[in-house]
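# Overview (structure and organization)
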Amino acid sequence: MEWRRWKEACLDLLYPGKDLCYLCWNETPGQKKRGVCEVCAAKILKESERIRACPRCSYFTKAAVCPNCEDWDDSLERVVSVVPYYDKYREMIQNLKYGDRKELAAPLGYLMARKILLTAPKIRFHYIIPVPLHPYKGLERGYNQSNLLAKQVAEELRIPLNNKVLKRISYEETQTKLGRSKRRHNIEGAFKLDEENLLKGKRILLIDDIVTTGATLQECARTLKRGEAGEIWGLTWASGFSEI
(Lines give C-alpha, C1' and ligand atoms only; values in the text may rest on other atoms or scores of the structure.)
Protein backbone atom coordinates (compact mmCIF):
# COMPACT_ATOMS: atom_id res chain seq x y z
CA MET A 1 0.00 0.00 0.00
CA GLU A 2 1.11 3.54 -0.70
CA TRP A 3 1.10 4.69 2.91
CA ARG A 4 3.45 1.86 3.84
CA ARG A 5 5.87 2.83 1.10
CA TRP A 6 5.72 6.44 2.29
CA LYS A 7 6.39 5.32 5.87
CA GLU A 8 9.32 3.17 4.79
CA ALA A 9 10.82 6.06 2.82
CA CYS A 10 10.59 8.28 5.91
CA LEU A 11 12.19 5.60 8.08
CA ASP A 12 15.02 5.18 5.57
CA LEU A 13 15.70 8.91 5.82
CA LEU A 14 15.57 8.90 9.63
CA TYR A 15 17.45 5.63 10.13
CA PRO A 16 19.66 5.05 7.09
CA GLY A 17 21.26 1.61 6.98
CA LYS A 18 19.21 0.31 9.93
CA ASP A 19 17.65 -3.14 9.86
CA LEU A 20 14.01 -2.58 10.83
CA CYS A 21 11.22 -5.06 11.45
CA TYR A 22 8.57 -4.76 8.72
CA LEU A 23 5.83 -5.39 11.25
CA CYS A 24 6.62 -3.24 14.29
CA TRP A 25 9.35 -0.98 12.80
CA ASN A 26 11.73 -1.65 15.69
CA GLU A 27 15.38 -2.20 14.91
CA THR A 28 16.48 -5.80 14.41
CA PRO A 29 20.20 -5.84 15.25
CA GLY A 30 22.02 -8.98 14.21
CA GLN A 31 19.12 -10.27 12.13
CA LYS A 32 21.04 -10.10 8.84
CA LYS A 33 18.35 -8.05 7.13
CA ARG A 34 15.70 -10.71 7.82
CA GLY A 35 13.16 -7.93 8.19
CA VAL A 36 11.41 -9.25 11.29
CA CYS A 37 12.27 -8.96 14.97
CA GLU A 38 12.22 -11.94 17.32
CA VAL A 39 9.14 -10.65 19.17
CA CYS A 40 7.08 -10.48 15.97
CA ALA A 41 8.53 -13.75 14.71
CA ALA A 42 7.46 -15.56 17.89
CA LYS A 43 3.93 -14.14 17.65
CA ILE A 44 3.53 -15.21 14.02
CA LEU A 45 4.90 -18.70 14.63
CA LYS A 46 2.21 -19.23 17.28
CA GLU A 47 -0.58 -18.35 14.85
CA SER A 48 -1.13 -21.98 13.81
CA GLU A 49 -1.92 -22.83 17.43
CA ARG A 50 -5.01 -20.61 17.37
CA ILE A 51 -6.68 -22.63 14.61
CA ARG A 52 -5.91 -26.29 14.11
CA ALA A 53 -3.79 -26.99 11.04
CA CYS A 54 -4.24 -30.27 9.20
CA PRO A 55 -1.08 -32.36 9.77
CA ARG A 56 -1.07 -33.43 6.13
CA CYS A 57 -2.01 -30.39 4.01
CA SER A 58 -1.75 -27.55 6.57
CA TYR A 59 -5.28 -26.33 5.89
CA PHE A 60 -6.35 -24.37 8.95
CA THR A 61 -9.64 -25.79 10.21
CA LYS A 62 -11.47 -26.62 13.42
CA ALA A 63 -13.11 -29.63 11.79
CA ALA A 64 -12.22 -33.08 13.13
CA VAL A 65 -11.66 -34.30 9.56
CA CYS A 66 -9.86 -32.01 7.12
CA PRO A 67 -12.11 -31.13 4.16
CA ASN A 68 -9.20 -30.21 1.92
CA CYS A 69 -6.96 -33.25 1.37
CA GLU A 70 -9.38 -36.20 1.35
CA ASP A 71 -8.75 -36.75 -2.38
CA TRP A 72 -4.97 -36.20 -2.36
CA ASP A 73 -2.71 -38.93 -3.71
CA ASP A 74 0.56 -39.93 -2.00
CA SER A 75 2.92 -37.81 -4.11
CA LEU A 76 3.32 -35.29 -1.29
CA GLU A 77 4.38 -36.49 2.12
CA ARG A 78 3.18 -33.35 3.87
CA VAL A 79 2.68 -29.60 3.47
CA VAL A 80 3.69 -27.11 6.17
CA SER A 81 2.43 -23.50 6.24
CA VAL A 82 3.24 -20.65 8.60
CA VAL A 83 -0.08 -18.78 8.78
CA PRO A 84 -3.68 -18.80 7.54
CA TYR A 85 -4.28 -16.83 4.36
CA TYR A 86 -6.14 -13.86 5.83
CA ASP A 87 -5.79 -10.28 7.13
CA LYS A 88 -2.24 -8.92 7.36
CA TYR A 89 -0.72 -12.26 6.36
CA ARG A 90 -2.68 -12.21 3.11
CA GLU A 91 -1.67 -8.60 2.54
CA MET A 92 2.02 -9.41 3.04
CA ILE A 93 2.10 -12.19 0.45
CA GLN A 94 -0.02 -10.21 -2.02
CA ASN A 95 2.37 -7.27 -1.69
CA LEU A 96 5.27 -9.60 -2.45
CA LYS A 97 3.46 -11.36 -5.29
CA TYR A 98 1.74 -8.47 -7.05
CA GLY A 99 3.08 -5.27 -5.48
CA ASP A 100 6.77 -5.54 -6.38
CA ARG A 101 7.63 -5.73 -2.68
CA LYS A 102 10.49 -8.17 -3.19
CA GLU A 103 12.05 -7.19 0.14
CA LEU A 104 9.22 -9.03 1.91
CA ALA A 105 10.73 -12.33 0.79
CA ALA A 106 13.31 -11.94 3.56
CA PRO A 107 10.99 -11.99 6.61
CA LEU A 108 8.50 -14.41 5.04
CA GLY A 109 11.22 -16.82 3.94
CA TYR A 110 12.91 -16.60 7.32
CA LEU A 111 9.68 -17.49 9.10
CA MET A 112 9.05 -20.35 6.68
CA ALA A 113 12.48 -21.75 7.52
CA ARG A 114 11.77 -21.42 11.24
CA LYS A 115 8.42 -23.18 10.79
CA ILE A 116 9.85 -26.22 9.01
CA LEU A 117 12.58 -26.53 11.65
CA LEU A 118 9.95 -26.50 14.39
CA THR A 119 7.76 -29.00 12.54
CA ALA A 120 10.39 -31.44 11.33
CA PRO A 121 13.64 -30.84 13.23
CA LYS A 122 15.10 -34.25 12.37
CA ILE A 123 14.24 -34.30 8.65
CA ARG A 124 17.19 -33.70 6.32
CA PHE A 125 16.31 -32.27 2.92
CA HIS A 126 18.73 -32.63 0.02
CA TYR A 127 17.30 -29.89 -2.23
CA ILE A 128 14.99 -26.92 -2.00
CA ILE A 129 12.97 -26.43 -5.21
CA PRO A 130 10.60 -23.50 -5.86
CA VAL A 131 7.38 -23.92 -7.80
CA PRO A 132 8.32 -22.40 -11.17
CA LEU A 133 6.49 -19.78 -13.22
CA HIS A 134 6.04 -20.08 -16.95
CA PRO A 135 8.64 -17.84 -18.67
CA TYR A 136 5.89 -15.57 -20.03
CA LYS A 137 4.45 -15.10 -16.55
CA GLY A 138 7.94 -14.41 -15.25
CA LEU A 139 8.44 -11.71 -17.84
CA GLU A 140 5.04 -10.24 -17.05
CA ARG A 141 5.65 -10.09 -13.29
CA GLY A 142 9.40 -9.54 -13.44
CA TYR A 143 10.21 -12.19 -10.84
CA ASN A 144 9.02 -15.45 -9.30
CA GLN A 145 7.94 -14.86 -5.70
CA SER A 146 8.33 -18.57 -4.88
CA ASN A 147 11.93 -18.46 -6.05
CA LEU A 148 12.61 -15.42 -3.84
CA LEU A 149 11.13 -17.25 -0.85
CA ALA A 150 13.08 -20.42 -1.70
CA LYS A 151 16.37 -18.51 -1.81
CA GLN A 152 15.75 -17.17 1.68
CA VAL A 153 14.71 -20.59 3.03
CA ALA A 154 17.76 -22.22 1.45
CA GLU A 155 20.05 -19.62 2.99
CA GLU A 156 18.52 -20.03 6.44
CA LEU A 157 18.57 -23.84 6.35
CA ARG A 158 21.87 -24.11 4.45
CA ILE A 159 20.36 -26.50 1.94
CA PRO A 160 21.16 -26.37 -1.80
CA LEU A 161 18.64 -24.47 -3.91
CA ASN A 162 17.81 -25.97 -7.29
CA ASN A 163 15.61 -23.69 -9.38
CA LYS A 164 16.55 -25.29 -12.70
CA VAL A 165 15.42 -28.89 -12.45
CA LEU A 166 11.65 -28.18 -12.49
CA LYS A 167 10.21 -26.21 -15.42
CA ARG A 168 6.74 -24.96 -16.19
CA ILE A 169 5.85 -25.68 -19.80
CA SER A 170 2.20 -24.64 -20.09
CA TYR A 171 0.74 -21.18 -19.69
CA GLU A 172 -2.78 -21.35 -18.29
CA GLU A 173 -5.09 -18.90 -16.60
CA THR A 174 -4.31 -18.28 -12.94
CA GLN A 175 -5.36 -20.98 -10.50
CA THR A 176 -6.77 -18.34 -8.13
CA LYS A 177 -10.00 -17.92 -10.07
CA LEU A 178 -10.72 -21.63 -10.49
CA GLY A 179 -12.70 -24.12 -8.43
CA ARG A 180 -11.23 -27.29 -6.96
CA SER A 181 -11.77 -29.70 -9.87
CA LYS A 182 -10.83 -27.11 -12.49
CA ARG A 183 -7.59 -26.32 -10.63
CA ARG A 184 -6.55 -29.95 -10.87
CA HIS A 185 -7.44 -30.19 -14.56
CA ASN A 186 -5.82 -26.82 -15.31
CA ILE A 187 -2.46 -27.83 -13.87
CA GLU A 188 -2.17 -31.35 -15.32
CA GLY A 189 1.00 -31.75 -17.39
CA ALA A 190 2.12 -28.20 -16.60
CA PHE A 191 5.65 -29.16 -15.49
CA LYS A 192 8.64 -31.07 -16.82
CA LEU A 193 12.03 -32.14 -15.47
CA ASP A 194 15.57 -31.30 -16.50
CA GLU A 195 18.53 -33.22 -15.08
CA GLU A 196 16.39 -36.04 -13.71
CA ASN A 197 19.39 -37.97 -12.39
CA LEU A 198 19.91 -35.35 -9.69
CA LEU A 199 16.71 -36.35 -7.92
CA LYS A 200 16.99 -40.10 -7.46
CA GLY A 201 16.30 -40.91 -3.84
CA LYS A 202 16.59 -37.28 -2.75
CA ARG A 203 14.28 -35.72 -0.18
CA ILE A 204 12.83 -32.52 -1.63
CA LEU A 205 11.36 -29.41 0.01
CA LEU A 206 9.02 -27.71 -2.48
CA ILE A 207 8.47 -23.98 -1.90
CA ASP A 208 5.38 -21.99 -2.89
CA ASP A 209 3.72 -18.84 -1.59
CA ILE A 210 0.22 -20.16 -0.83
CA VAL A 211 -1.47 -23.56 -0.76
CA THR A 212 -5.23 -23.76 -1.20
CA THR A 213 -6.41 -27.04 -2.75
CA GLY A 214 -2.83 -28.25 -3.18
CA ALA A 215 -3.26 -28.95 -6.90
CA THR A 216 -0.09 -27.11 -7.93
CA LEU A 217 2.14 -28.64 -5.26
CA GLN A 218 0.76 -32.10 -6.02
CA GLU A 219 1.42 -31.78 -9.75
CA CYS A 220 4.96 -30.57 -9.02
CA ALA A 221 5.49 -33.54 -6.71
CA ARG A 222 4.17 -36.00 -9.32
CA THR A 223 6.61 -34.55 -11.84
CA LEU A 224 9.53 -34.83 -9.40
CA LYS A 225 8.55 -38.42 -8.67
CA ARG A 226 9.02 -39.21 -12.35
CA GLY A 227 12.67 -38.35 -11.71
CA GLU A 228 12.65 -40.93 -8.90
CA ALA A 229 12.76 -38.30 -6.16
CA GLY A 230 12.35 -39.62 -2.64
CA GLU A 231 10.13 -38.06 -0.01
CA ILE A 232 8.64 -34.70 -1.03
CA TRP A 233 7.40 -32.06 1.41
CA GLY A 234 5.79 -28.72 0.64
CA LEU A 235 6.44 -25.46 2.49
CA THR A 236 4.39 -22.29 2.00
CA TRP A 237 3.88 -18.96 3.72
CA ALA A 238 0.11 -19.31 3.95
CA SER A 239 -2.64 -21.89 3.65
CA GLY A 240 -6.39 -21.78 3.18
CA PHE A 241 -8.48 -21.71 6.31
CA SER A 242 -11.97 -22.13 7.69
CA GLU A 243 -13.29 -20.92 11.03
CA ILE A 244 -15.86 -23.75 11.02
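Scroll up to find the structure.
First, a word on what this report is: a plain description of the structure on this page.

Quick notes on the rules
- Residues numbered from 1 in each chain as written.
- Predicted model: local features only at pLDDT ≥ 70, side-chain atom pairs only at ≥ 80, totals over all residues.
- Heavy atoms only, no water.
- Buried < 20%, exposed > 50% of the residue type's maximum accessible area, 1.4 Å probe, protein only.
- Helix = DSSP H or I, 4+ residues; strand = E, 2+ residues; numbered from the N terminus.
- Arc of directions from axis to C-beta.
- Contact = heavy atoms within 4.5 Å.
- Axes fitted to C-alpha atoms, helices over the stretch in contact; angles between N-to-C directions.
- Parallel < 35°, antiparallel > 145°, perpendicular 65-115°, else oblique.
- Left-handed = near helix turned anticlockwise from the far one by under 90°.
- Nonpolar A, V, L, I, M, F, W, Y, C, P; charged D, E, K, R; others polar.
- Expected span 1.5 Å × (residues − 1).
- Phe/Tyr/Trp six-rings, centres within 6.5 Å; stacked < 30°, edge-to-face > 60°.

Given 3.6 residues per helical turn, the α-helix brings residues three or four places apart onto the same face. Considered for burial, the residues of helix H2 (residues 38-45) that qualify are Cys40, Ala41, Ile44 and Leu45. The buried side chains of H2 occupy one side of the element, clustering within an arc of 130° when seen end-on. Turned more than 90 degrees off the buried face of H2, the exposed positions are Val39 and Lys43. Buried positions along H2 lie against helix H3 (47-50), strand E1 (78-84), helix H4 (87-98), helix H5 (105-119) and strand E6 (232-239).

What follows concerns the packing of H2 against H5. Between H2 and H5, the least distance of the axes is 11 Å, while the angle of their chain directions is 55°. By the angle between their directions, the pair H2 and H5 is classed as oblique. Here H2 runs over H5; the crossing is right-handed. Where H2 approaches H5, its residues Glu38, Ala41, Ile44 and Leu45 are matched on the opposing element by Tyr110, Leu111, Arg114, Lys115 and Leu118.

A packed helix pair is summarised by two numbers, namely the angle formed by the two axes and the spacing between the axes. Contact geometry of H5 with helix H7 (residues 145-157) gives a least axis separation of 8 Å together with a crossing angle of 50°. With respect to their mutual orientation, H5 and H7 come out oblique. Crossing of H5 over H7 shows right-handed handedness. Contacts from Ala105, Ala106, Leu108, Gly109, Tyr110, Met112, Ala113, Ile116 and Leu117 of H5 reach H7 at Leu148, Leu149, Gln152, Val153, Glu156 and Leu157. Looking at the contact of H5 with H7, its residues break down into twelve nonpolar, two polar and one charged.

The end-to-end C-alpha distance of helix H9 (residues 215-226), which contains twelve residues, comes to 17 Å, matching closely the 16 Å that a straight helix rising 1.5 Å per residue would cover. Taken across its twelve residues, H9 has nine buried, putting it largely inside the fold. Of the residues making up H9, those classed as buried are Ala215, Thr216, Leu217, Gln218, Glu219, Cys220, Ala221, Thr223 and Leu224. Two residues or fewer past H9, Glu228 is found with a positive phi of approximately 65°.

Bringing the packing of aromatic side chains into the picture now. One pass over the full model with this rule turns up four aromatic pairs. With centroids separated by 5.9 Å and ring planes inclined at 80°, the aromatic side chains of Phe125 and Trp233 adopt a geometry described as edge-to-face. Of this pair, Phe125 sits in the loop between H5 and strand E2 (127-130) while Trp233 sits in strand E6, and the two are 108 residues apart along the sequence. The class of Phe125 is buried, set by a relative accessible area of 6%. A residue is classified by how much of its surface remains accessible, and Trp233, at 7% relative accessible area, is buried. The rings of Tyr86, Tyr89, Trp237 and Phe241 are connected pair by pair, giving a single aromatic cluster.

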